[in-house]
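# Overview (structure and organization)
Now for the letters of each chain:
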Amino acid sequence: MLKTAIVGASGYTGAELAGYVSRHSHLQLAGLYVSENSLDAGKPLSSLHGKLRGVVDLPVQPLVVADIAQQFADVDVVLLATAHEVSHDLAASFLQAGCQVFDLSGAFRVNSAEFYQQFYGFTHQFPELLAQAVYGLAEWNAEQIKQTDLVAVAGCYPTAALTALKPLVEAGLIDSASKVVINATSGVSGAGRKASLTTSFYEVSLAPYGVFTHRHHPEIEAHLGHPVIFTPHLGNFKRGILATMNICLKAGTTEQQVNQAYQQAYADQNIVRILEGQWPAISKVEHTPFIDLAWQQQGDDLIVVSAEDNLLKGAASQAIQCVNIRNGFAVTEALI
Ligand SMILES: NC(=O)C1=CN([C@@H]2O[C@H](COP(=O)(O)OP(=O)(O)OC[C@H]3O[C@@H](n4cnc5c(N)ncnc54)[C@H](OP(=O)(O)O)[C@@H]3O)[C@@H](O)[C@H]2O)C=CC1
Ligand SMILES: CC(=O)N[C@@H](CCC(=O)OP(=O)(O)O)C(=O)O
């Protein structure tokens, strides 16, 4: 059994991770952590997330950064479900303590100091870790994930977009002079558990945000290798992302070529479900680790739609996929 700690355990993705670890045959929950001065320190996780009652009743403990080397010396796996800046500051200490680190934040996803300055507003202090981190898009980077101790789990919108678009790029089917247009809508849990006016029930409608400026725009381009226009939207529902993508195919691309590109990428991947005769919908993927895909072609125009649960395939279940891949467990262990 691998001793597994969750940092940021009281948050939305942290609680999902705790549920998965508790039902994993090869992981043993070694500790649940929040910030040193957290108001929740000492409370059972199940008192904060009622669905975990009787499943994970361990209390969340304050993380004392100065004690990491000693306290985590016998911990095998650390799941960081913390804000980007927090993960940025903590990852090196856990790696030095000998832990495998799976970071759900954006702190190590793009190997570019400029990117962090421009889109995250901080100067990245760990260029060597940025270079060493493997992007945790589970279906695409399994070989590299097997060989690293630092996985930067892919972002929620990027997972929805890249899963849909990478097969087409890999097969060389997208018109190189065109940009792929991605419109995606997320439920409010994407913004985390902390109270804020923009995600309060009364305020939320359906509206775009972060137009031309969202940090997932460059993350998608960096890992796709093709220019995009990405517009996120916030919807008045709790969880899930639906992404609709408009693609200009190379002139003369056939339906068979498109179909083949997807079959080649995902025929053996249980988490990616290719739908026939129906479109993806959030209701079919919420509370599941799946990502659903469907497409329709008209001449050289292709519309692809993906749907996932932002807290699961967009975060926690993809992190567990990466843990499974890294440690040679069945990819879907604890997930399906
Ligand atoms: N929500 C989503 O859909 C997705 C989220 N992510 C990423 O995953 C990460 C977590 O997101 P989410 O679960 O939504 O966040 P939440 O805001 O819901 O939770 C954050 C957690 O971090 C804890 N925390 C805050 N500061 C520290 C600290 N210094 N040390 C230890 N723990 C700390 C918080 O507890 P306390 O404040 O009490 O200490 C809380 O447990 C983020 O980086 C986010 O970008 C990725 C993909 C999707
Ligand atoms: C609805 C909402 O606010 N969503 C968040 C994205 C979710 C998230 O936490 O982003 P990462 O995947 O990069 O960690 C946002 O737009 O910032």
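This one's a predicted model, so the numbers in the text were calculated from it and none came from an experiment.

Time to look at the sheet that holds strand β13 (residues 291–298). In space, the seven strands of this open sheet follow the order β9-β10-β8-β11-β14-β13-β12, with mixed pairing throughout. Here the strands that pair on one side only, and so sit at the sheet edges, are β9 (207–208) and β12 (272–274). Note: β13 against strand β14 (residues 301–308), eight bridges, orientation antiparallel. By the bridge assignment for β14, L293 is matched with S306.

A few words now on the pattern of salt bridges. Counted according to the given criterion, the structure contains 11 salt bridges. The shortest N-O distance in the salt bridge between D74 and K3 comes to 3.2 Å. With D74 in the loop between α3 (68–71) and β4 (77–80) and K3 in strand β1 (residues 2–7), this residue pair connects regions lying 71 residues apart in the sequence. Given the relative accessible area of 45%, D74 is considered partly exposed. Overall, the relative accessible area of 31% leaves K3 in the partly exposed class. A single salt-bridge network, built from bridges that share partners, covers E16, K51, R239 and D309.

A few words now on the domain arrangement of the protein. Per the domain assignment, the segments making up the protein are domain 1 (2–154 + 315–326) and domain 2 (156–308). The distance between the C-alpha centroids of domain 1 and domain 2 comes to 25 Å. The interface is formed by 23 residues belonging to domain 1 together with 26 residues belonging to domain 2. Between domain 1 and domain 2 lies a buried interface of about 1900 Å² when both sides are counted; carbon and sulfur atoms form 59% of it. On the domain 1 side of the contact with domain 2, Y12, E139 and W140 bury the most area, a combined 33% of that side's loss.

Once that is clear, we can look at the site of ligand 1. In the neighbourhood of ligand 1, 27 residues make up the surrounding shell, with S10, T13, S35, S38 and T82 lying closest. Between ligand 1 and R193, the relevant distance is 2.9 Å, taken from an oxygen atom to a main-chain nitrogen or oxygen of the residue. Considering ligand 1 on its own, with 890 Å² of exposed area, one finds that the protein chains cover 82% of that surface. Among the elements of the structure, α1 (12–22) and α4 (84–96) are those that each provide at least two residues to the shell around ligand 1. Here the shell around ligand 1 is composed, by residue class, of 11 nonpolar, 14 polar and two charged. Residues from two domains meet in the shell around ligand 1; each of domain 1 (2–154 + 315–326) and domain 2 (156–308) gives at least three.

On to the sheet that holds strand β5 (residues 100–103), then. The strand order across the open sheet formed by seven strands is β3-β2-β1-β4-β5-β7-β6, and the pairing between neighbours is parallel. This sheet does not close on itself; its edge strands, each paired only once, are β3 (61–62) and β6 (134–136). As defined by bridge partners, β5 adjoins strand β7 (residues 150–153) across three bridges and the pair is classed as parallel. The residue bridging F102 from the neighbouring strand is V151, located in β7. The strands touched by α4 within the sheet are β1, β4, β5 and β7, with β4 carrying the most contacts at an inclination of about 180 degrees.

Most of helix α12 (residues 316–326) is tucked away: 10 of the 11 residues are buried. For α12, the complete set of buried residues consists of A316, S317, Q318, A319, I320, Q321, C322, V323, N324 and I325. Within two residues after α12, G328 carries a phi angle of roughly 75 degrees, on the positive side.

How each quantity is defined
- Residues numbered from 1 in each chain as written.
- Chains lettered and ligands numbered in written order.
- Predicted model: local features only at pLDDT ≥ 70, side-chain atom pairs only at ≥ 80, totals over all residues.
- Heavy atoms only, no water.
- Pairing = 2+ DSSP bridges.
- Helix = DSSP H or I, 4+ residues; strand = E, 2+ residues; numbered from the N terminus.
- Salt bridge = Lys/Arg side-chain N within 4 Å of Asp/Glu carboxyl O.
- Buried < 20%, exposed > 50% of the residue type's maximum accessible area, 1.4 Å probe, protein only.
- Domains from an automatic or database assignment.
- Contact = heavy atoms within 4.5 Å.
- Buried area = accessible area lost by both parts, 1.4 Å probe.
- Near = heavy atom within 4 Å.
- Polar contact = N/O pair within 3.5 Å; in protein donor to acceptor, adjacent residues only side chain to side chain.
- Areas by Shrake-Rupley, 256 points an atom, 1.4 Å probe, with all protein chains shown as cover.
- Nonpolar A, V, L, I, M, F, W, Y, C, P; charged D, E, K, R; others polar.
- Axes fitted to C-alpha atoms, helices over the stretch in contact; angles between N-to-C directions.

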